[in-house]
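Take a look at the letters that make up each chain.
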Amino acid sequence: MQVENKIVIVTGAGSGIGAATAKHFAKHKAKVVVSDIKEEKAQKTVDEIAKDGGEAIVITANVANFEDVENLISQTVDKFGRLDVIVNNAGIGPKHMARTGEYTLEDWDSVIAVNQTGVFYCMKVALQQMEKQGGGNIVNIASLAGLKASLNNLSYCASKFAVVGMTKSAALEYATKNIRINAVCPGYTESALLDKLLSVRPDMDKRLKSVIPMKRYGQAEEIADAVVWLASENTKFITGQTITLDGGTSL
Ligand SMILES: NC(=O)c1ccc[n+]([C@@H]2O[C@H](COP(=O)([O-])OP(=O)(O)OC[C@H]3O[C@@H](n4cnc5c(N)ncnc54)[C@H](O)[C@@H]3O)[C@@H](O)[C@H]2O)c1
């Protein structure tokens with residue numbers, strides 16, 4: 001995949017899909033800024049990339065904090081001179097699963113702040129830089145929950161529908177500016193996020209697998225592969241699209 005020498009930021013890259021994506025970009029010779037709210041997790045990803053001969057640095061940022069996002073992008077541009085790709089991956093789930101009537105205000109606010117406002121902040125600042133330099137590429141990590149109803153998970157579902165809407169709207173705005181914006185919608189994928197859900201509801205493992213036609217969870221590397229492809233020179237005519245990677249669940 002043609003991403004050699006591209007300057008790439010991956011948010012939430014200390015774990016799961018973000019870490020796999022950062023490693024995949026590095027494997028294809030991109031220069032990667034591994035960003036996470038947790039520095040030690042980001043450093044672990046960078047160490048693993050370095051061990052495999054790739055190039056990466058850590059810049060810590062909470063995507064729900066606008067100043068952090070401005071620092072992330074200005075430090076990247078100070079160091080590398082430009083920003084070619086940002087993968088808006090950082091995301092969280094609610095602490096409690098509940099119907100809308102019982103949904104806590106805390107779970108609403110925290111999930112919207114990271115998954116929705118965080119993606120807006122990163123797109124807003126990245127797009128200013130990309131327009132200034134004459135091009136760029138954004139890949140947002142949405143979810144199957146951004147395309148379909150999600151039981152007892154309202155803020156997560158709302159935030160991921162918003163990511164799909166923001167992807168399409170911004171893609172339209174920047175189509176003539178050599179800036180492409182796409183999203184991937186993973187189904188259930190092995191990661192800390194899924195482990196957390198299964199630790200609260202161990203009964204879900206069997207139930208979830210029963211609704212996945214392929215009868216298995218996705219691997220973070222499988223999602224990473226699609227993200228790098230969308231960000232690469234191999235997909236120059238694709239913008240404003242969502243790609244669903246869910247083992248057939250949405251069927
Ligand atoms: N795992 C799945 O089944 C699944 C399915 C669909 C979509 N997704 C989406 O994929 C993305 C990655 O999820 P994952 O499963 O790899 O989760 P994960 O929990 O393994 O990784 C998320 C990373 O984001 C970081 N993070 C959390 N809040 C942050 C913040 N405010 N600022 C910066 N970093 C922050 C965490 O420290 C962590 O390293 C999320 O957007 C998630 O909603 C996951």
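From a predicted model like this one, the values you see are computed outputs, not experimental measurements.

Visitor: Sorry if this is basic, but what is going on with the overall build of the protein here?
Guide: Secondary structure summary: the protein contains eight helices and seven strands in total. Relative to a compact globule of 251 residues, whose C-alpha radius of gyration would be 18 Å, the protein shows 17 Å and is just as compact. By principal-axis analysis of the C-alpha atoms, the protein measures approximately 50 × 35 × 35 Å. Here the protein, with 251 residues, has 49% of them falling under the buried criterion. Restricting the contact set of the protein to residue pairs at least 6 apart, pairs at least 24 apart contribute 71%. Per element, the accessible surface of the protein, about 12200 Å² overall, is 52% carbon and sulfur.

Visitor: Explain the pattern of salt bridges here, please?
Guide: Where charged atoms of side chains with opposite charge meet at close range, the side chains can pair. For the structure shown, the criterion picks out 10 salt bridges. Between Glu-233 and Lys-6 there is a salt bridge, with its nearest N and O atoms 2.6 Å apart. Of the two residues, Glu-233 is situated in the loop between helix H8 (220–231) and strand S7 (242–245) and Lys-6 in the segment before strand S1 (7–10); the sequence distance between them amounts to 227 residues. Judged by its relative accessible area of 34%, Glu-233 is partly exposed. Bridged by salt links that share partners, the residues Lys-23, Lys-44 and Glu-48 form one connected network.

Visitor: I keep staring at the sheet that holds S1 and nothing clicks. Help me out?
Guide: The pairing of strands in a sheet comes from backbone hydrogen bonds and takes either a parallel or an antiparallel form. Pairing in this open sheet of seven strands is parallel, and the strands run S3-S2-S1-S4-S5-S6-S7 from one edge to the other. Whereas interior strands pair on both sides, the edge strands pair on one side only; in this sheet they are strand S3 (55–58) and S7. The mean inter-strand angle of the sheet, taken between neighbouring strand axes irrespective of direction, is 20°. Of the strands in this sheet, S1, strand S2 (31–34), strand S4 (85–88) and strand S6 (179–186) touch helix H1 (residues 16–27), which is tilted by about 170° from S1. Sheet strands in contact with helix H5 (residues 154–173) are strand S5 (136–141), S6 and S7, and its direction is about 160° off that of S6.

Visitor: Would you take a moment to explain the nonpolar core for this structure?
Guide: Across soluble globular proteins, nonpolar side chains show a tendency to be buried alongside one another. Of all hydrophobic cores here, the largest spans 34 residues; its most connected members are Ile-73, Ile-86, Met-123 and Ile-181. When residues in this core are grouped by element, the largest group, nine residues, is from helix H4 (residues 105–133). Beyond its immediate stretch of four places on either side in the chain, Ile-181 contacts Met-123, Leu-127, Ile-138, Asn-140, Thr-167, Ala-170, Ala-171, Thr-239, Gly-240 and Gln-241. Among the nonpolar cores identified, the runner-up in size contains 29 residues, and Val-3, Ala-13, Ile-17 and Val-139 belong to it.

Cut-offs applied
Residues numbered from 1 in each chain as written. Predicted model: local features only at pLDDT ≥ 70, side-chain atom pairs only at ≥ 80, totals over all residues. Heavy atoms only, no water. Helix = DSSP H or I, 4+ residues; strand = E, 2+ residues; numbered from the N terminus. Rg over C-alpha atoms; globule rule 2.2 N^0.38 Å. Buried < 20%, exposed > 50% of the residue type's maximum accessible area, 1.4 Å probe, protein only. Contact = heavy atoms within 4.5 Å. Areas by Shrake-Rupley, 256 points an atom, 1.4 Å probe, with all protein chains shown as cover. Salt bridge = Lys/Arg side-chain N within 4 Å of Asp/Glu carboxyl O. Pairing = 2+ DSSP bridges. Axes fitted to C-alpha atoms, helices over the stretch in contact; angles between N-to-C directions. Core = buried A, V, L, I, M, F, W, Y, C linked by side-chain atoms within 4.5 Å.

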